[in-house]
Each structure stands twice: as structure tokens, then as C-alpha cells.
Amino acid sequence: GKIINFLSNNKVKLNITAVYTADQTKRILNVINKKSNVIISIFVGRAGDAGKDPLPELIKSIRLAKKFKKVKILWASVREPYNYHQAKKAGCHIITVPPNIIEKIEAFGKSYNQLTLETVKTFLTDSRKSKFKI
């Protein structure tokens, strides 16, 4: 906390990473200068990888940060395209998204029928490539 406080008071823009809980967010908010620009990166994907539901902690962190005009909450470690919608719905300020996930987000909006046809075509293509005979 001392280093965060020092840097914050010296107007250093901060991106505080490896945050997982609202309690950690609260501790950060207690030591920053309210006038400084701070990004708090919540590692949502890594928490999910560990079998934790990260959304309650993320939402609590967003609520805590609302009192600070220059604090932004960042959704880190995106694992799937739907995380984009979850982050948006939760009111997350920033989300970092890898290029392969962005491509999938751009394909949103397909009907179930379209998905079915694409999947069956992919299965057919894969079976032809395998040259497997029954």
C-alpha cells in the first residue's frame, strides 16, 4: 500500500494488476489519491480457471470504484467471447480482449439454425479430409 500511495500522490498513472477480490480493490482505494488516474485489473479469467465465480467480486469492485472518478476497473484474462457481454453488463470500464476472441465477438448474432448448418458442414469437411471409410 505504501508504494501505491507514494506513486498515486506523485501523479503516476497506475495499472494495479493481479487483483481478484473486492477486498483487494477496497484496500487499493483506501491508499490512492482520489485525483490520480488508476486502473485496477481484476483477473476474472484466472479466477474462473481456478473454479471461482469472479462476477460477484468484479461487481463489488465496480461499485466500490464508483466513488472515484478517475478509477477504472479492467476485466483481465478474457477466456471466451461471452465475457465481453458479461463485462459490459457488469459496468466494467475496460476489457482486454485477445485478437482470436475479437474475431468470435464479431461473429455474434448467428441463429441456432445457422450454427447447426455451419457445424454439420464442418463435420462433413473434417470427415472428407480424414479419408476414413466405413
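Refer to the structure presented above.
The structure reproduced in this document is the subject of the present report.

Cut-offs used in this document
Residues numbered from 1 in each chain as written. Predicted model: local features only at pLDDT ≥ 70, side-chain atom pairs only at ≥ 80, totals over all residues. Heavy atoms only, no water. Helix = DSSP H or I, 4+ residues; strand = E, 2+ residues; numbered from the N terminus. Polar contact = N/O pair within 3.5 Å; in protein donor to acceptor, adjacent residues only side chain to side chain. Buried < 20%, exposed > 50% of the residue type's maximum accessible area, 1.4 Å probe, protein only. Pairing = 2+ DSSP bridges. Salt bridge = Lys/Arg side-chain N within 4 Å of Asp/Glu carboxyl O. Core = buried A, V, L, I, M, F, W, Y, C linked by side-chain atoms within 4.5 Å. Contact = heavy atoms within 4.5 Å.

### Concerning the side chain of S41
Move 1: Structurally, S41 is set in strand β2 (residues 38-43).
Move 2: Among the polar contacts made by the side chain of S41, one reaches the side chain of N15 at a distance of 2.7 Å.

### A closer look at the pairing of strand β3 (residues 71-76)
Move 1: Among the six residues in β3, five count as buried, and that is most of the element.
Move 2: Sheet analysis places β2 next to β3, joined by six bridges and oriented parallel. Bridge pairing in β3 places S41 opposite L74.
Move 3: Relative to strand β4 (residues 94-95), β3 runs parallel, the two sharing two bridges. Across the sheet, the residue bridging to L74 is I94, located in β4.

### Observations concerning the pattern of salt bridges
Move 1: For the structure on display, the rule yields four salt bridges.
Move 2: For the salt bridge of D49 with R79, the shortest nitrogen-to-oxygen distance reads 2.6 Å. Of this pair, D49 sits in helix α3 (residues 44-49) while R79 is found in the loop between β3 and α5 (82-90), placing the two residues 30 residues apart along the sequence.
Move 3: Using a relative accessible area of 54% as the deciding quantity, one classes D49 as exposed.
Move 4: Take R79: its relative accessible area is 40%, and that puts it in the partly exposed class.

### Observations concerning the nonpolar core
Move 1: Among the nonpolar cores identified, the biggest contains 23 residues, and I40, L58, V71 and I73 are the most heavily contacted of them.
Move 2: Those elements that place two or more of their residues in this core are β1 (14-19), α2 (22-29), β2, α4 (55-65), β3, α5 and α6 (99-106).
Move 3: Aside from chain neighbours lying at most four places away, what touches L58 is I42, V44, I73, W75, A90 and C92.

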